[in-house]
Structure formats: structure tokens, C-alpha cells
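# Coordinates in review
Given next are the chains, with one letter for each unit.
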Amino acid sequence: MILQMQYMVLLGIVFILSGTEKLAKQEEHRRLLFNYQILSMKQIKRFLPVLASLEILIGLLLFSLQLSKVAIIGAVGLMLIFTGAIAINLFRGRKDISCGCGGVMGNHKISWWLVVRNGCISLGLVLCLPFDESIKSIGLYYGVACFSAIFIILCSLIIKNLSTVQGEINRIMGKDLIR
């Protein structure tokens, strides 16, 4: 229980710092989000303050025992959004994009490593979900956590392999066109 609370407080700090940086440097983060080519600049201008505020709110809620379930679900939801945007661009072959994480996580080029890292963070959050002490509940939560981890790893491997296959098809098709 103490380890779970420490993990949630640590992630709370990460979310708060990331959200405050996005609010403080909105122009920079608008450009970072625009580079993902998922939302228009008009949508990003509306979305960024909401995203940053949600990160701060969820970060604060991660400090609360009473609202930990809501905070964890919200944090996992945000992680899925971030990870989805990264995976979409990796699948498109666009690897020279800054992740836009900000805060203590810094800004790095997107990679499959970030997909795995975000999956591990999400898995850790799922394991922090409060449950009653019955054996059925413990088995259910750990079963869901294990299934989630396996699902995330398999999805990232499938997407990575599809990207490799797409590259090979393009390479072969390009050679056929040259002949």
C-alpha cells in the first residue's frame, strides 16, 4: 500500500509538472502537438489548455486516497491518448517528432520505447487500483493487469511489424517500378 501511494504521488508530480509546462509554454506545445498531424491548429488551440488542466487535475487527484480510482482511470486514459498518438505516427513512419511530454519527463523523439514506457506506467497505475481484500478481487485485478500488459506488448509488436512490412512492400514496389 505504501509503495502504491509513493508511485501515485510520483506520477502525480509528473502530471502536474507536465501540465504546468504545457500551460506556461503553450506556443511551443501547440507546435509539438501540430507536428503529430492528428489535430488541426484550431483544434489544438482549444485542446491544449484542456489537456494541460486535466494533467494538473489528475496529478492532484493522484495524491488523494478517496479519489484514487477516478484519478487512476483518468491517468490511464491520458496515457492511452498519448500512446495512441505516438503509435499512429510511428506507424506512419514519422519518428522525428518530439514526444511533447515536457516536465520532468523531458522531450524526446518518439519511439517504440515510449510506447512500452507508457504501457508500463499505465500497468503500474492499474496495479494501484483500490480493491477489497478478497482473493477473488486480488486475482481479478492482477489478471486484468497481466492481460493489459500482454495486450500492450502484443499491440506494439504488431504495429511495429506492420510498419516493417509496409516498409518492405514500399521497397519492393519501388524496385519493381525502377525496372
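Refer to the preceding data block for the structure.
Note that the coordinates shown come from a computational prediction; the quantities given were computed from them, not determined experimentally.

The helix and strand tally for the chain stands at six helices and zero strands. Looking at the chain as a whole, 36% of its 179 residues qualify as buried. Sequence separation of at least 24 residues holds for 68% of the intrachain contacts in the chain that already meet a minimum separation of 6. For the chain, the accessible surface area stands at approximately 10,700 Å², while carbon and sulfur atoms represent 71% of it.

The next thing to look at is the packing of helix α1 (residues 2–24) against helix α3 (residues 41–61). The N-to-C vectors of α1 and α3 enclose an angle of 155°; their axes lie 7 Å apart at closest approach. When the axes of α1 and α3 are compared, the pair comes out roughly antiparallel. You can see that α1 and α3 cross each other, and the crossing is left-handed. Seen from α1, the contacting residues are G12, F15, I16, S18, G19, T20, K22 and L23; seen from α3, they are L48, P49, L51, A52, E55, I56, G59 and L60.

Moving on to the side chain of S122. Within the secondary structure layout, S122 lies in helix α5 (residues 112–127). According to the relative accessible area criterion, S122 is buried, its value standing at 7%.

Counting residues in hydrophobic clusters, the biggest one holds 18 residues, and the most contacted among them are L11, F15, L62, I72 and L125. Those elements that provide at least two residues to this core are α1, α3, α4 (68–91) and α5. When sequence neighbours within four positions are dropped, the list of residues in contact with I72 reads M8, L62, L125, V126, C128, L129 and P130. Core analysis: the next-biggest nonpolar cluster, separate from the first, contains twelve residues, Y36, A87, C99 and L114 among them.

Next up on the list: the side chain of E55. Note on placement: E55 falls in helix α3. A distance of 3.0 Å separates a polar atom in the side chain of E55 from a polar atom in the side chain of S18. Discounting chain neighbours no more than four positions away, the residues touching E55 are F15, I16, S18, G19, K22, L78 and F82.

Bringing unusual backbone geometry into the picture now. Positive phi values are uncommon outside glycine, yet Q37 reaches one of about 55°. Relative to the elements of secondary structure, Q37 occurs in the loop between α2 (26–35) and α3.

Moving on to α4. For an α-helix, the turn length of 3.6 residues means that residues three or four places apart are oriented alike. Here α4 is 24 residues long and its end C-alpha atoms lie 34 Å apart, about the 34 Å a rise of 1.5 Å per residue gives. In the stretch just after α4, G93 is the one whose phi turns positive, near 85°.

Turning our eyes to something else, we now look at the environment of F91. Tracing the sequence through the fold places F91 in helix α4. Taking the C-alpha atoms as reference points, F91 and Q166, separated by 75 residues in sequence, lie 9.0 Å from one another.

Reading the values: the criteria
Residues numbered from 1 in each chain as written. Predicted model: local features only at pLDDT ≥ 70, side-chain atom pairs only at ≥ 80, totals over all residues. Heavy atoms only, no water. Helix = DSSP H or I, 4+ residues; strand = E, 2+ residues; numbered from the N terminus. Buried < 20%, exposed > 50% of the residue type's maximum accessible area, 1.4 Å probe, protein only. Contact = heavy atoms within 4.5 Å. Areas by Shrake-Rupley, 256 points an atom, 1.4 Å probe, with all protein chains shown as cover. Axes fitted to C-alpha atoms, helices over the stretch in contact; angles between N-to-C directions. Parallel < 35°, antiparallel > 145°, perpendicular 65-115°, else oblique. Left-handed = near helix turned anticlockwise from the far one by under 90°. Core = buried A, V, L, I, M, F, W, Y, C linked by side-chain atoms within 4.5 Å. Polar contact = N/O pair within 3.5 Å; in protein donor to acceptor, adjacent residues only side chain to side chain. Expected span 1.5 Å × (residues − 1).

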